[in-house]
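Residue strings, one per chain:
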Amino acid sequence: QLQLVESGGGFVQPGGSLRLSCVASGFSLDNYKIGWFRQAPGKEREAVSCISSGGGSTNYADSAKGRFTISRDNAKNAVYLQMNSLKPEDTAVYYCSARRGSSAWCPPGGMDYWGKGTLVTVSS
């Protein structure tokens, strides 16, 4: 089976930090770009960040820029999202996804594999 499994979500206060992990099994991520997406209650899914297959290029949504950092460790078949200075509006289910290709462009409708998500709640 080809799977992506997210972890690291939880409940944090505004200004806090979390690191999300995405681990693949059944296939190697070496030739895949990886994206992080999120969906807040009652809202549409939105792209958060994307990283190229080699890790040399990244893209961020304006809402995440300067606060979030995406990285990958292909030797561990894993991708991470470090989230700092969290705000209540960051509350959402976060998903990782994979698409064959090298560039740091992750189209929401064109990803090949999706994880089941991990919930992040930011509240005082």
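Our subject is the structure that appears above.
Residues numbered from 1 in each chain as written. Predicted model: local features only at pLDDT ≥ 70, side-chain atom pairs only at ≥ 80, totals over all residues. Heavy atoms only, no water.

### Side note on the overall build of the protein chain
Phase 1: A tally of regular secondary structure across the protein chain gives zero helices and eleven strands.
Phase 2: In the protein chain, the succession of helices and strands from N to C terminus is β-β-β-β-β-β-β-β-β-β-β.
Phase 3: A globule of 124 residues ought to have a C-alpha radius of gyration of about 14 Å, and the protein chain, at 13 Å, matches this closely.
Phase 4: Principal axes of the C-alpha set define a box for the protein chain whose edges measure 40 × 30 × 25 Å.
Phase 5: The buried share of the protein chain, reckoned over its 124 residues, is 43%.
Phase 6: In the protein chain, 60% of the contacts between residues at least 6 apart in sequence involve partners at least 24 apart. (Helix = DSSP H or I, 4+ residues; strand = E, 2+ residues; numbered from the N terminus. Rg over C-alpha atoms; globule rule 2.2 N^0.38 Å. Buried < 20%, exposed > 50% of the residue type's maximum accessible area, 1.4 Å probe, protein only. Contact = heavy atoms within 4.5 Å.)

### Structural notes on the sheet that holds strand E8 (residues 78-83)
Note on sheets: strands pair through backbone hydrogen bonds, and any given pair is parallel or antiparallel.
Phase 1: The sheet built from four strands is open, its strands ordered E1-E3-E8-E7 with antiparallel pairing. One side of each edge strand has no neighbouring strand; the edge strands of this open sheet are strand E1 (3-7) and strand E7 (68-73). Shown here is a sheet whose adjacent strand axes are inclined to one another by a mean of 15 degrees, direction ignored.
Phase 2: Examined bridge by bridge, E7 and E8 share six bridges and lie antiparallel to one another. Residue pairing across strands places threonine 69 opposite glutamine 82, the latter belonging to E8. (Pairing = 2+ DSSP bridges. Axes fitted to C-alpha atoms, helices over the stretch in contact; angles between N-to-C directions.)

### With respect to the nonpolar core
Phase 1: Core analysis: the largest hydrophobic core is formed by 27 residues, its most contacted members being Leu29, Trp36, Leu81, Met83 and Tyr94.
Phase 2: Counting only elements with at least two residues in this core, the list comes to strand E3 (18-25), strand E4 (32-39), strand E5 (46-51), E7, E8, strand E9 (92-100) and strand E11 (118-122). (Core = buried A, V, L, I, M, F, W, Y, C linked by side-chain atoms within 4.5 Å.)

### Things to note about the environment of glutamine 3
Phase 1: Among the structural elements, glutamine 3 can be located in strand E1.
Phase 2: Once the C-alpha coordinates of glutamine 3 and alanine 47 are considered, the two residues, 44 residues apart in sequence, prove to be 20 Å apart.
Phase 3: Discounting residues that sit within four places of it in the chain, glutamine 3 has contacts with Val23, Ala24, Ser25 and Phe27.

### Some remarks on unusual backbone geometry
Phase 1: Backbone geometry at asparagine 77 places phi at a positive 55 degrees, although glycine is not the residue there.
Phase 2: Of note, asparagine 77 is situated in the loop between E7 and E8.
Phase 3: Owing to a relative accessible area of 15%, asparagine 77 belongs among the buried residues under this scheme.

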